[in-house]
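Structural features, examined
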Amino acid sequence: MASLHRSEKLEAAFAALSRNYRGLDVDIYALCQQRRKTAPVMEGDFMASLSVPTHAGQRHGNPTYAVFKYNDIKAILQDAATFTSGFIAKGLGTFFGGDGLIIIAMDGDQHRKARGLLQPVFTPQSVNPWRAEIERSIREEFIAPLVPNKHADLMDFALYFPIRVIYALIGFPQESIGDFYEYAAMGLTILAGPKNDPAEEEAARMSAVAASQGLYDAVIQLVAQRRAEGATGEDLISRLIRAAFEDRRLDDKEIATFVRSLVAAGGETTTRTFSSVMTLLLQRPELVERVRADRNLVPKLIDEAIRYEPTSTVKVRQAARDVEVGGVMIPKGALVQCVIASANRDEDIFENADVFDIDRKLKPSFTFGYGPHTCIGQFVAKLELVAAVNAVLDLFPNVRLDPDRPAPEIQGGQLRGASSIPVIWD
Ligand code: HEM
């Protein structure tokens with residue numbers, strides 16, 4: 001059985017990323033509630049007011065607005081012609097080397113075609129054949145080796161299993177996982193690029209661009225190899241080589257650029273979500289009992305945790321024309337912060353919105369986004385989360401929070417999650 005993988009570089013990069021987007025220690029949900037009551041569409045940079053660096057910062061010279069109500073945010077995310085994403089290529093995108101080929105920063109036809117090519121690889125039918133290997137890897141490689149210790153910090157493996165899963169899906173050779181953790185650390189360095197201080201940001205840009213290139217070089221080599229071998233396998237790269245939409249195929253550069261972005265898009269997002277799911281569960285021992293006895297509740301637990309504690313509290317768009325939102329005129333060019341953390345607790349949509357209740361009637365929350373850019377990897381993410389929660393409940397008998405260590409806390413202004421979840425078991 002393989003031992004637990006560790007990479008100091010990755011752990012340091014994750015901690016730095018959390019610090020970068022943490023901002024002030026304020027109750028973001030209380031602030032949002034106040035806004036929903038008094039000014040549901042606010043002129044100004046809500047994230048900057050929490051001291052969080054976003055790409056919606058003033059440095060682009062555009063006015064910034066923040067939107068807090070569920071229905072307003074739903075309408076914005078749905079209407080990608082009026083509320084565009086291309087500006088991301090000029091912000092976060094420049095940390096990827098500035099070639100602008102990242103899907104989250106595409107608009108219109110370019111985005112529709114890219115989704116058309118990529119989507120079939122990520123449907124539940126396509127993802128389900130990976131289920132057994134994902135479950136095996138999480139159980140055997142990460143959780144089973146810890147069982148004899150009778151205590152652990154769940155974050156010690158939460159950082160690794162999502163990267164391990166993406167690594168296997170991409171089709172990298174099993175033995176070089178250690179190198180890949182280094183690439184994943186590079187991915188997190190890219191995400192931590194935007195800073196409040198422009199001088200600091202320039203320095204971060206330099207190291208992020210180098211990191212991005214390193215990751216790209218590793219991936220493009222593998223793409224060329226798979227193409228040369230005929231791309232017959234079920235790994236992601238081979239599937240992307242075979243994918244076609246409206247008679248178009250992806251070239252090596254497009255595949256490498258997309259695959260590189262997955263390390264950042266699918267790694268730390270899943271880690272942070274897992275940390276919130278486990279924190280909310282373990283804080284409620286009676287719920288642990290219920291879920292342990294009835295595993296059909298695991299997906300409900302995850303959906304509610306995702307609503308209650310979104311991993312990323314805000315999604316930003318740019319107005320392509322003058323447009324009215326909730327009675328406020330937003331001028332063309334303005335950046336619009338859609339505050340997901342607020343929409344997910346909108347009392348007009350969710351009854352007792354501030355109560356964590358896995359029995360509530362399911363309504364979509366926006367943690368995986370909404371509309372044309374909705375998370376393409378959400379079935380992979382949910383599959384991993386279900387597998388990880390089940391493995392913890394199965395392999396750690398009577399798992400509970402360690403009473404001798406600080407209780408986990410979900411924190412963060414933009415990226416939310418717990419940094420430590422100490423547990424014990426029998
Ligand atoms: C719990 C974990 C995850 C969360 C919370 C999450 C969240 C999101 C959100 C909110 C978006 C929309 C961005 C926007 O509207 O601007 C998004 C897009 C995306 N996600 Fe995820 N994600 C997760 C896991 C994953 C995984 C595992 C993958 C890949 C295997 C992935 C790949 C992507 C990609 C490629 C996009 C861009 C889609 C587009 O622009 O059309 N995500 N994700």
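Our subject is the structure listed above.
Here goes a summary of the coordinates provided. All of these numbers come straight from a predicted model, not from anything done at the bench. (Residues numbered from 1 in each chain as written. Predicted model: local features only at pLDDT ≥ 70, side-chain atom pairs only at ≥ 80, totals over all residues. Heavy atoms only, no water.)

**Points about the pairing of strand E7 (residues 314-319)**
Heads up, the rule is: Burial classification: accessible surface area is computed with a 1.4 Å probe over protein chains only, and a residue below 20% of its type maximum counts as buried, one above 50% as exposed, and the rest as partly exposed. Strands are runs of DSSP state E lasting at least two residues, helices are runs of H or I lasting at least four, and both sets are numbered from the N terminus onward. Strands are labelled as partners when DSSP assigns at least two bridges between them.
The buried fraction of E7 amounts to five of the six residues, a majority that puts the element mostly inside the structure. Direction of pairing for strand E3 (residues 83-84) relative to E7: antiparallel, over a ladder of two bridges. For Thr 84, the partnering residue across the bridge sits in E7 and is Gln 318.

**Notes on the packing of aromatic side chains**
Convention followed: In summary, the pairing rule links any two rings of Phe, Tyr or Trp, Trp by its six-membered ring, whose centres are within 6.5 Å, and it sorts them by plane angle into stacked for under 30 degrees, edge-to-face for over 60 and tilted for everything else. Two conditions define a charge located above a ring, namely a distance within 6 Å from the ring centre to NZ of Lys or CZ of Arg, and an angle within 35 degrees of the ring normal.
Going through the model one piece at a time under the given rule, you end up with 12 aromatic pairs. Judged by centre distance (6.0 Å) and plane angle (50°), the ring pair of Phe 157 and Phe 274 falls under tilted. On the criterion of sequence distance, the pair formed by Phe 157 in helix H8 (residues 155-158) and Phe 274 in helix H14 (residues 268-282) is long-range, its members being 117 residues apart. Of the two residues examined, Phe 157 and Phe 274, each falls in the buried class. Stacked on the ring of Tyr 29, the Lys or Arg Arg 345 has its end atom at 3.5 Å from the ring centre. The ring of Phe 350 is capped by Lys 363, whose NZ or CZ atom sits 6.0 Å from the centre of that ring.

**Points about the site of the ligand**
The criterion, for reference: If a single non-hydrogen atom of a residue is within 4 Å of a molecule or strand, that residue counts as near it. In the analysis that follows, any N or O atom pair within 3.5 Å is treated as a polar contact, provided that within protein one partner can donate a hydrogen and the other can accept it, and provided that, for residues neighboring in sequence, both atoms belong to side chains.
Neighbouring the ligand are 24 residues; His 111, Arg 115, Arg 317, His 373 and Cys 375 lie closest to it. Note that an oxygen atom of the ligand is positioned 2.7 Å from one of the side-chain N or O atoms of His 111. Within the side chain of Arg 115, one N or O atom sits 2.7 Å away from an oxygen atom of the ligand. Every element with two or more residues in the shell around the ligand is listed here: helix H5 (108-118), helix H13 (252-266), H14 and E7.

**Things to note about the coordination of the iron atom of the ligand**
Where we set the bar: Because no water is among the atoms considered, metal sites can look incomplete, with donors defined as N, O and S atoms within 2.8 Å of the metal, or 3.2 Å for Na, K and Ca.
If you check the protein contacts of the iron atom of the ligand, you find one donor only, Cys 375 (SG), at 2.3 Å. Within the element layout of this structure, Cys 375 appears in the loop between helix H17 (340-343) and helix H18 (378-395).

**What to know about the environment of Ala 16**
One can find Ala 16 in helix H1 (residues 8-20). A C-alpha to C-alpha distance of 36 Å links Ala 16 and Asn 296, two positions 280 residues apart in sequence.

**Digging into the sheet that holds strand E4 (residues 151-153)**
Strand order in this open sheet of three strands is E4-E12-E11, and the pairing throughout is antiparallel. Pairing within the sheet leaves two strands with one partner each, and these edge strands are E4 and strand E11 (400-401). For E11 and strand E12 (residues 422-424), the ladder comprises two bridges, and the chain directions are antiparallel. Across the sheet, residue Leu 401 finds its bridge partner in E12, namely Val 423.

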